[in-house]
Amino acid sequence: MSSPFDRGDYDPLDTFAFEALSVGTTAVGFTEATMVPSTGKPAAAAFVSVEGAPIRYRADGTIPTASVGTLKNIGDEFVVWGRRDLVSIRFISQSGSTATLSTHYGRMLA
């Protein structure tokens, strides 16, 4: 699959992995083994779509709660850029219902 930034000859990322991350009432982060494969470069970005339930997230190293953190609703899409944020970001369900974050990972080509 081509990265979402394909514009003719401009294609800085290679989409190399997918994860359906389940988010409940305990904060979780992206799966390290998926972001950093045994071969090739690690992820530089995650392209995320929220499904099933609203979530909150924080990328500052603090665990979000159901009432504190950036709110994303069902159908929202967002991008997490950079290794530091990919490792530190945590997600939690805002409503208590289980959400799924459909996530494609992209890495630098060169």
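Residues numbered from 1 in each chain as written. Predicted model: local features only at pLDDT ≥ 70, side-chain atom pairs only at ≥ 80, totals over all residues. Heavy atoms only, no water.

A. Local environment of the sheet that holds strand E1 (residues 13–23). Ordered in space as E1-E7-E2-E5, the four strands form an open sheet in which the pairing is antiparallel. Strands with a single pairing partner mark the edges of an open sheet, and in this sheet they are E1 and strand E5 (77–81). On average, adjacent strands in this sheet sit at an angle of 20 degrees to one another, irrespective of strand direction. In terms of strand pairing, strand E2 (residues 45–51) meets E5 through five bridges, oriented antiparallel. The residue of E5 that forms the bridge with Ala45 is Trp81. (Pairing = 2+ DSSP bridges. Helix = DSSP H or I, 4+ residues; strand = E, 2+ residues; numbered from the N terminus. Axes fitted to C-alpha atoms, helices over the stretch in contact; angles between N-to-C directions.)

B. Broad picture of the side chain of Thr103. Inspection of the secondary structure assignment puts Thr103 in strand E7 (residues 99–108). The class for Thr103 is buried, based on a relative accessible area of 0%. Within the structure, Thr103 has its side chain in polar contact with the backbone oxygen of Leu101 (distance 3.3 Å). Apart from residues lying up to four places away in sequence, Thr103 is in contact with Ala17, Phe18, Glu19, Phe30, Ala46, Phe47 and Val48. (Buried < 20%, exposed > 50% of the residue type's maximum accessible area, 1.4 Å probe, protein only. Polar contact = N/O pair within 3.5 Å; in protein donor to acceptor, adjacent residues only side chain to side chain. Contact = heavy atoms within 4.5 Å.)

C. Spatial organisation of the sheet that holds strand E3 (residues 55–58). Taken in spatial order, the three strands of this open sheet run E4-E3-E6, and their pairing is antiparallel. Both edges of this open sheet fall to strand E4 (70–72) and strand E6 (90–93), since each of them pairs with a single strand only. In this sheet, neighbouring strand axes are inclined to one another by 30 degrees on average, regardless of whether the strands run parallel or antiparallel. With three bridges joining them, E3 and E4 adopt antiparallel strand pairing. Pairing of Ile55 across the sheet is with Lys72, part of E4.

D. Spatial organisation of the nonpolar core. Counting 20 residues, the largest nonpolar core has Phe30, Ile55, Phe78, Phe91 and Leu101 as its most contacted members. Counting only elements with at least two residues in this core, the list comes to E1, E2, E3, E5 and E7. With residues up to four places along the chain from it excluded, the contact list for Leu101 reads Glu19, Ala20, Leu21, Val23, Val48, Ser49, Val50, Ile55 and Phe91. (Core = buried A, V, L, I, M, F, W, Y, C linked by side-chain atoms within 4.5 Å.)

E. Main features of the pattern of salt bridges. Applying the stated criterion to the full structure yields three salt bridges. Taking the shortest distance from any N to any O, the salt bridge between Arg83 and Glu32 comes out at 2.5 Å. Here the residue Arg83 occupies a position in helix H2 (residues 83–88), and Glu32 occupies one in helix H1 (residues 32–35), the gap between them amounting to 51 residues. Since its relative accessible area comes to 34%, Arg83 is described here as partly exposed. Look at Glu32 and you get partly exposed, because its relative accessible area is 37%. (Salt bridge = Lys/Arg side-chain N within 4 Å of Asp/Glu carboxyl O.)

Function-wise, these values are silent; they only describe arrangement.
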